[in-house]
Amino acid sequence: MPKFEYAPAPESRAVVSLRESYGLFINGEFSPGVDGRAFKTISPATEEVLAEVTEAGPADVDRAVTAARKAYEHTWSQLPGKERAKYLFRIARIVQEKARELAVLESLDNGKPIRESRDVDIPLVAAHFFYHAGWADKLEYAGYGPAPRALGVAGQVIPWNFPLLMLAWKIAPALACGNTVVLKPAETTPLTALAFAEICQQADLPPGVVNIVTGAGETGRALVTHPGIDKVAFTGSTEVGIQIARACAPSRKKVTLELGGKAANIVFEDAPVDQAVEGIVNGIFFNQGHVCCAGSRLLVQESVYSEVLASLRRRLATLRLGDPLDKNTDVGAINSAAQLAKIRELSEVGEAEGAQRWSPPCELPVKGFWFPPTVFTGVSQAHRIAREEIFGPVLSVLTFRTPAEAVEKANNTPYGLSAGVWTEKGSMILWMASRLRAGVVWANTFNKFDPTSPFGGYKESGYGREGGRHGLEAYFDV
Ligand code: NDP
C-alpha cells in the first residue's frame, strides 16, 4: 500500500478550444460536406460529446483528391527538397509549440492518459516531422537512385490508437519525398487530425498539399478505391487491410499495410525480474493495450514463472486507472463501446476455454468505457486469447523450458509485427532475434519507437516499412 494517497493532478482542459463543428480540410480551407452529413465524436472517458464532425462522401473525397493532384502537379513536385524541408521543419516546431494543447486534445478524444500523450505521442509526432524534414533535401543519398521520383497523391487511412502519431508516420515521409496527401483519420478520433489541418494553415503550407477528410469506413473505402490515388498507406485491422489489398490489386497503386499483431514478450530465467516486469507492464498496459505491437503474449521460462507472476501481480496492484487528464493516471479509457465489447467478449472466451483470469482490485468509473488490467494464466497455444488480437489491457501468460521452445511458441502466430526478449546474455538476444519472425525485436525493453528506425510486419501483420531510410521507399516510384 502507498504511504500517502495521491492528490488529484488534473491537466487543464482550458488549453484546448474546441469548435462546435468541423468541416473537411480541402485545398487549404475548411468546407462543409457536399451532402451535409455529420457525426459526433465523444470522450470515451465520460461519453460527453466533444464536437460534431463532417462525414465525407465520395464527392468530397473526389474534391480532396483533385486538390491534392493539382497541388502535386503545380506546386509541391516543383519545389526543391530544401524548400519542402522548410515547411516540414515549420510544422515540427508548431507541433512543439502546441504540444500541451495537442496532448490534452488527444487524451480527450482517445481516452489515453495525459502522461502518455504528453510524453510519448506528441514528442514523437514532432520528432517524425523533424526527422523527415532532414531527409527532404538529401533524398539522392537515401539509396533509391540519384533522383528518386515521388509517386503523386497518397491516400492514407489511419486508426484510433495513436491518432496524431499515425498521421505523422504517414504525412511526414509522404511530404518529404514530394507527394501530396489525402488522409482519413478514424471515426472515433478525428480531432487532432483537424487540429493538424490548422497547423498546416499556420505553417502556410500550399493549399492542397495536405487534405483531411473525416468519416467512417465508407469514407476510407471511397479514398483507397479512388482512381486518382497513386499510393495507399493503411494502418488498422488485418480484416480491412485484406479488403484494401483486394480492392487495389487490379490498379497500379503502391500499397503499404500496417496491420495487427500478437507479439511475444519472452522472459528468460537470467533476466532482471524487476526490469522485465516493468517491460511486461509497458508492453501490454501502455495505451490500454490498444497497440498493434503490444506484448500481449508473455512467455516466461518455467523456472522463474512463480517469481515473475508474483512480482507482476504486485506491480499491477499499483497501477492507477481513471481520468485520462489526471497526470497520475496509468491506464485510461477504452476507446469506444465497440472496442470494449470486443475485449469483454474475448476475455469471456478465455475463461470459458479454461484459462484463469485475474485483475488487481480496481474501481471502474461509472460513465465511459473501462476495462481493468487483466492477466490470464494457464493459457495454451490453442486458446483464442493466445491467437487473436484482443487490442485491450489483457495479457495471456504461457511458459517455456528451452530457447528453442520459446522461438517455436513465439512464431506460432499468423502475425509477425514485434517481439521482446529479456535476458542478460547478448549472445542469446542475437540468437533469438535471428529466429523470431517479427519486424521489430526489442531487447530488454519494449514499445520503444524512434523515427529513424523502420517499423512494419511479416505475414498477416502487413507489408512495407514506416520510418527510417527504409520507410522512404513507400513514397518513391521505385
Ligand atoms: P479498422 O481496420 O476497421 O479501422 C482502421 C481505419 O480504416 C479507420 O480509419 C477506419 O475507419 C478505416 N476503414 C474501415 N473500413 C474501411 C474500408 N473498407 N476501407 C478503407 N478504410 C476503412 O479497425 P477498427 O477500428 O475497426 O478496429 C478493429 C480491430 O482492428 C481492433 O480491435 C484491432 O484488433 C485492430 N486494429 C489494429 C490497429 C493497428 O495499429 N494495427 C489499429 C486499430 C485497430 P473508421 O474508424 O471510421 O471505421
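Residues numbered from 1 in each chain as written. Predicted model: local features only at pLDDT ≥ 70, side-chain atom pairs only at ≥ 80, totals over all residues. Heavy atoms only, no water.

1. Let's talk about the site of the ligand
Taken together, 29 residues lie around the ligand, and I158, W160, S237, L259 and K342 are the ones closest in. Separating a nitrogen atom of the ligand from a backbone N or O atom of L259 is a distance of 2.6 Å. Q339 places a polar side-chain atom, nitrogen or oxygen, 3.1 Å from an oxygen atom of the ligand. Here the ligand has 850 Å² of accessible area as a free molecule, and 86% of this is covered by the chains. Counting atoms within 2 Å of the grid points, the majority share of the ligand lands in the largest pocket. Looking at the shell around the ligand, the elements that each hand over two or more residues are α7 (217–224), β9 (231–235), α8 (238–248) and α11 (337–352). (Near = heavy atom within 4 Å. Polar contact = N/O pair within 3.5 Å; in protein donor to acceptor, adjacent residues only side chain to side chain. Areas by Shrake-Rupley, 256 points an atom, 1.4 Å probe, with all protein chains shown as cover. 1 Å grid on protein atoms, 1.4 Å probe; cavity = no way out; pocket = protein on both sides within 12 Å on 5 of 7 lines; lining within 4 Å. Sits in = over half its atoms within 2 Å of the grid points. Helix = DSSP H or I, 4+ residues; strand = E, 2+ residues; numbered from the N terminus.)

2. Things to note about unusual backbone geometry
Even without being glycine, N444 reaches a positive phi, approximately 55 degrees. Among the secondary structure elements, N444 is positioned in the loop between β17 (440–443) and β18 (462–463). Classification of N444 by relative accessible area gives partly exposed; the value is 25%. One non-glycine residue, N447, adopts positive backbone phi at about 55 degrees. Mapped onto the fold, N447 is located in the loop between β17 and β18. Residue classification places N447 among the buried residues on the basis of a relative accessible area of 6%. (Buried < 20%, exposed > 50% of the residue type's maximum accessible area, 1.4 Å probe, protein only.)

3. A few points about the pairing of strand β14 (residues 374–377)
The side-chain alternation of β14 yields two buried faces, one formed by T374 and F376 and the other by V375 and T377. Where strand β13 (residues 356–358) and β14 come together, three bridges link them in antiparallel fashion. By the bridge assignment, Q356 is partnered in β14 with T377. Bridging between β14 and strand β15 (residues 394–400) involves three bridges; their strand directions are parallel. Across the sheet, the residue bridging to T374 is V394, located in β15. (Pairing = 2+ DSSP bridges.)

4. Some thoughts on the sheet that holds strand β1 (residues 21–22)
The strand order across the open sheet formed by three strands is β1-β5-β4, and the pairing between neighbours is mixed. Of all strands in the sheet, those bounded by a partner on one side alone are β1 and β4 (38–42). Direction of pairing for β1 relative to strand β5 (residues 49–54): parallel, over a ladder of two bridges. When the bridges of β5 are listed, S21 appears paired with E52. Together, β1, β4 and β5 form the strand contacts of helix α6 (residues 191–202), whose direction differs from that of β5 by roughly 65 degrees. (Contact = heavy atoms within 4.5 Å. Axes fitted to C-alpha atoms, helices over the stretch in contact; angles between N-to-C directions.)

5. Details of the nonpolar core
Among the nonpolar cores identified, the biggest contains 110 residues, and F129 and V210 are the most heavily contacted of them. In terms of residue count, helix α5 (residues 163–176) provides more of this core than any other element does, 11 residues in total. Once you skip the residues sitting within four places of it in the chain, F129 turns out to touch L88, I91, A92, A168, I171, A172 and F196. In this structure, I266, F268, F371 and M432 belong to the second largest nonpolar core, which totals 29 residues. (Core = buried A, V, L, I, M, F, W, Y, C linked by side-chain atoms within 4.5 Å.)

6. Overview of helix α1 (residues 58–74)
Helix length check: α1, at 17 residues, gives a terminal C-alpha distance of 24 Å against a target of 24 Å (1.5 Å per residue), a fit within 8%. Considered for burial, the residues of α1 that qualify are D60, V61, A64, V65, A67, A68, A71 and Y72. End-on, the buried residues of α1 take up no more than an arc of 160 degrees, which puts them together on one face. When the buried face of α1 is taken as reference, the exposed residues oriented beyond 90 degrees from it are P58, K70 and H74. Considering only its buried residues, α1 is in contact with β2 (24–26), β6 (153–157), β7 (180–184), β8 (210–212) and α7. (Expected span 1.5 Å × (residues − 1). Arc of directions from axis to C-beta.)

7. What about the packing of aromatic side chains?
According to the stated counting rule, one finds 13 aromatic pairs in the structure shown. Aromatic side chains F268 and F400 sit 5.2 Å apart centroid to centroid with 75 degrees between the ring planes, which places their arrangement in the edge-to-face category. In this pair, F268 is assigned in the loop between β11 (264–267) and α9 (273–285) and F400 in strand β15, connecting sequence segments 132 residues apart. Looking at F268, the relative accessible area reads 3%, which means it is buried. Its relative accessible area of 0% is what places F400 among the buried residues. Following the ring pairs from residue to residue traces out a cluster consisting of W169, W442, F446, F449 and F455. Positioned above the aromatic ring of F30, the side-chain terminus of R19 is 4.7 Å from the ring centre. Above the face of the W358 ring, R313 is positioned so that its terminal group lies 5.3 Å from the ring centre. (Phe/Tyr/Trp six-rings, centres within 6.5 Å; stacked < 30°, edge-to-face > 60°. Lys NZ or Arg CZ within 6 Å of the ring centre and 35° of its normal.)

8. Focus: the side chain of H132
Of note, H132 is situated in helix α4 (residues 114–136). Reaching out from H132, the side chain makes a polar contact with the backbone oxygen of H128 at a distance of 2.9 Å. If we ignore the near neighbours within four places in the chain, the residues touching H132 are L88, A172, P173, A176 and L472.

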